[in-house]
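The primary structure of each chain is shown beneath.
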Amino acid sequence: MKPSVNPADPASIPKFVDKLPKPSKAKPTPNKDYPHNSYYEIEMHAAYHRFHRYFPLTKVWGYDGLVPGPTIEATKDKSTYVKYINNLPDKHFLPIDHTLHSSVNSKEVRTVVHLHGAHVDWESDGHPEAWYTKNYEMTGPKFRREVHHYTNHQPSATLWYHDHAMSLTRLNVYSGLAGFYLLRDSLEKRLELPSGEYEMPLMIQDKSFNEDGSMFYPDSPPFPVPVHPSITPGFVGNTIMVNGKVWPYMRVEPRKYRFRVLNASNRRGYKLELSNNESFIQIGTDGGLLSNRADVTSIGLLPAERVDIVIDFSKHKGEKITLLNTDQEFPGEHTGVIMQFLVDLSLKGCDSRDIPEELQPEMELHEHHAHISRNLPLSFSQDQYGRPMLLLNDRMYHDPATEKPAVDSIETWNFINLTPFVHPIHVHLVQFKILERRPFDVELYQTEGVLKFTGDPVEPNDYERGWKDVVRAEGGMVTKIIMHWKEFKGNYIWHCHFLEHEDHDMMRPITVIKDVHPVQMPHASEPHEPDRESN
């Protein structure tokens, strides 16, 4: 008998009744102008999706109409070409705030795709001002290419592609416009990691639904404002879905499985733990494989962060194991549960291969090699309507670029978080290492502009020690990262990956320049004091 389910009430929704789907694999599109099997056409269009077996069909926007979009698999150093075709309706089905950048006097449905984590020329990066409408009838000021060219000149990694249109990212991603991009290389093959049916991408998102099963997204913040519809400072849903299913289950064999986990939520952070208190075997972060595997019992993931893990079910035959969310920023009776594993399949073949301790040689960046160190505050402000607005480097998005790294330079960035809460900061084009976090006197900095530390440096968390493109900038802390700007120059951005923050000006341009007087790189053995530049 079908239970009485109200999609708007998570208490009425049965958990673990839908099987976890594996996102479909994108198929190359024949095109004689591109190398064999290197060209893809992916269409953005409206569709209907069933998030739960007891829900009615829900309107979504998806890549090829799918939630998640089809997974693109690519190979290191072999180019991939993708044309993302906008066949979306002329009107959005979620509330548009017409006071935001580009939404004031442009068509309300605009898209551009960013391959998150990719080392790529800026014209293929998915710049927010490179948006376009259906049939390219209108395009943004930085639109240059219909076909994105991904050279894949970087190690294997779990990347993802998602909408990045100026002032619409929060709505377009929430509508369903997100998918995996798995970059593979020969090292990954030599390690003989779990693969095929034993490798599963997990896209975790939160959503809320109306009683009729349609997606709910607020048209105003939880306080009075003179604008309607209006952006809200952040939205968290009351249900958790994985790969487009609300609280699914996955049947597994008693053996090792590889999971590529992505937080694709607008605002919610997760702290992943297993209900049986077993450890995850972590093998990678945003930018690819770790140098050494790490055994960790909990993993924090803010929006856009990824983690590559192996779970060993070999000693848990017949058990039910729940993937939990123990993050306490937005606690809830139901959002503390993500999905369930049923260890009830018979073991096929043999699973004797251990995950090696050493995965790849360490590639370090040292702070004394940096040419420039930038102090970049994260601060509060208000817009002209009295709404709270968060800023990077005390500037709005359309203020001139202040971050202008030179090709082949090494920089450290200090995110000085003057706000009381965390922000996931994403830097386009580069992968970086987290050096430290350190508490400081917030009031002294706000009143006198003096940076005074109040405690010792704190090392990165165990699960953050690899290459990253998103960093957790803690409130009241200075978070220091280091990166090497290589190969490409042009127009990029950095921003908070809370999508509501990003759409409301917590985003800044980066102009990568070709230095006409290249800095002589010091040798590793030579002491070097970096040049200091405070913006």
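All of these numbers come straight from a predicted model, not from anything done at the bench. (Residues numbered from 1 in each chain as written. Predicted model: local features only at pLDDT ≥ 70, side-chain atom pairs only at ≥ 80, totals over all residues. Heavy atoms only, no water.)

**Student:** Sorry, what's going on with the overall build of the protein chain here?
**Tutor:** In terms of helices and strands, the protein chain carries four helices and 31 strands. Against the globule reference of 24 Å for 535 residues, the protein chain gives a C-alpha radius of gyration of 23 Å, in line with a compact fold. Taken over 535 residues, the protein chain has a buried fraction of 59%. Taking all contacts inside the protein chain whose residues are at least 6 apart in sequence as the whole, residues at least 24 apart take part in 78%. For the protein chain, the accessible surface area stands at approximately 21,400 Å², while carbon and sulfur atoms represent 48% of it. Here the protein chain holds 58 positive side-chain charges and 73 negative ones, and the gap between their average locations is 6 Å. (Helix = DSSP H or I, 4+ residues; strand = E, 2+ residues; numbered from the N terminus. Rg over C-alpha atoms; globule rule 2.2 N^0.38 Å. Buried < 20%, exposed > 50% of the residue type's maximum accessible area, 1.4 Å probe, protein only. Contact = heavy atoms within 4.5 Å. Areas by Shrake-Rupley, 256 points an atom, 1.4 Å probe, with all protein chains shown as cover. Lys, Arg positive; Asp, Glu negative; His and termini not counted. Charge placed at Lys NZ, Arg CZ, Asp CG, Glu CD.)

**Student:** Just checking my understanding: could you explain the layout of surface pockets for this structure?
**Tutor:** If a probe the size of a water molecule is rolled over the atoms, the empty space left behind becomes visible. Of the voids in this model, the largest pocket is the one considered here, and its volume is about 930 Å³. Along the walls of the largest pocket sit 35 residues, with Met363, Glu364, Gln431, Lys433 and Trp467 positioned nearest its centre. When contributions to the lining of the largest pocket are tallied by element, the ones reaching two or more residues are β17 (288-296) and β26 (432-439). Here the lining of the largest pocket is composed, by residue class, of 13 nonpolar, twelve polar and ten charged. (1 Å grid on protein atoms, 1.4 Å probe; cavity = no way out; pocket = protein on both sides within 12 Å on 5 of 7 lines; lining within 4 Å. Points joined across faces, edges and corners; volume = space filled by probe spheres on them. Nonpolar A, V, L, I, M, F, W, Y, C, P; charged D, E, K, R; others polar.)

**Student:** Looking at this structure, I do not really get the pattern of salt bridges. What am I missing?
**Tutor:** Any two side chains of opposite charge can pair, given that their charged atoms come close. All chains considered together, the criterion is met by 38 salt bridges. With a closest N to O distance of 2.7 Å, Glu411 and Arg374 form a salt bridge. Here Arg374 lies in strand β22 (residues 372-382) and Glu411 lies in strand β24 (residues 409-417), a separation of 37 residues in the sequence. Just as Glu411 is buried, Arg374 falls in that class too. Through salt bridges that share partners, Glu73, Arg184, Glu188, Glu199, Arg258, Arg260 and Asp308 make up one connected network. (Salt bridge = Lys/Arg side-chain N within 4 Å of Asp/Glu carboxyl O.)

**Student:** Honestly, the sheet that holds strand β1 (residues 39-49) in this entry has me stumped. Any pointers?
**Tutor:** Hydrogen bonds along the backbone pair up the strands of a sheet, which may run parallel or antiparallel. An order of β2-β1-β4-β6 is seen for the four strands of this open sheet, with the pairing classed as mixed. The strands lining the two open edges of the sheet, one partner per strand, are β2 (58-63) and β6 (147-150). Adjacent strand axes in the sheet meet at a mean angle of 25° when their direction is disregarded. Note: strand β4 (residues 80-86) against β6, four bridges, orientation antiparallel. (Pairing = 2+ DSSP bridges. Axes fitted to C-alpha atoms, helices over the stretch in contact; angles between N-to-C directions.)

**Student:** Just to check I follow, could you spell out a negative patch on the surface for this structure?
**Tutor:** Together, Glu278, Asp312, Glu319 and Asp354 give the surface a local cluster of negative charge. Assignment of secondary structure puts Asp312 in strand β19 (residues 306-312). (Patch = residues over 30% accessible without salt bridge, like charges linked within 9 Å, V, L, I, M, F, W, Y side chains within 5 Å.)

**Student:** Please clarify how the sheet that holds strand β15 (residues 270-274) should be interpreted in this entry.
**Tutor:** Reading across from one edge, β13-β21-β20-β15-β18 is the order of the five strands in this open sheet, with mixed pairing throughout. Because the sheet does not close on itself, it has two edges, and the strands there are β13 (249-251) and β18 (299-301). Geometrically, the sheet is characterised by an average inter-axis angle of 20° between neighbouring strands, direction not taken into account. Alignment of β15 against β18, held across three bridges, turns out to be antiparallel. What sits directly across from Tyr270, in β18, is Leu301.

**Student:** Would you take a moment to explain the confidence of the model for the protein chain for this structure?
**Tutor:** Low pLDDT means the predicted coordinates in that region are not meant to be read closely. Taken as a whole, the protein chain shows an average pLDDT of 95; of its residues, 96% reach a score of 70 or greater. Note that pLDDT drops below 50 for residues 517-535; the model gives that stretch 35 contacts with residues more than four away or on any other chain. (pLDDT = per-residue confidence, 0-100.)

**Student:** How should empty space enclosed by the protein be read in this particular structure?
**Tutor:** According to the stated counting rule, one finds seven cavities of 30 Å³ or more in the structure shown. By volume, the largest cavity is sized at about 70 Å³. The wall of the largest cavity is formed by Val112, Trp122, Glu123, Gly126, His127, Ala130, Tyr132, Lys142, Phe143, Arg144, Arg145 and His148. For the lining of the largest cavity, the residue count by class is five nonpolar, three polar and four charged. Of the pockets and cavities examined, the second largest cavity occupies roughly 60 Å³. As for the second largest cavity, its lining consists of Gln282, Ile299, Gly300, Leu301, Glu305, Arg306, Val307, Tyr463, Glu464, Lys468 and Arg472. Of all the elements in the fold, those that place two or more residues in the lining of the second largest cavity are β18 and β19.

**Student:** Got a minute to help me understand the nonpolar core in this structure?
**Tutor:** One recurring pattern in soluble globular proteins is that nonpolar side chains are buried together. Counting residues in each nonpolar core, the largest one holds 67 residues, and the members touching the most others are Phe259, Leu272 and Phe341. The residues contacting Phe259, other than those within four sequence positions of it, are Met200, Leu202, Met250, Val307, Asp308, Ile309, Ile311, Phe313 and Phe341. Core analysis: the next-biggest nonpolar cluster, separate from the first, contains 28 residues, Leu378, Phe432, Val471 and Tyr492 among them. (Core = buried A, V, L, I, M, F, W, Y, C linked by side-chain atoms within 4.5 Å.)

**Student:** Just to check I follow, could you spell out unusual backbone geometry for this structure?
**Tutor:** The linkage connecting Val67 with the following residue, Pro68, adopts the cis geometry, with an omega of -5°. Position of Pro68 among the secondary structure elements: in the loop between β2 and β3 (69-75). The residue Leu429 is not glycine, and still its phi comes out positive at about 80°. As for its position among the elements, Leu429 is in the loop between β25 (423-427) and β26.

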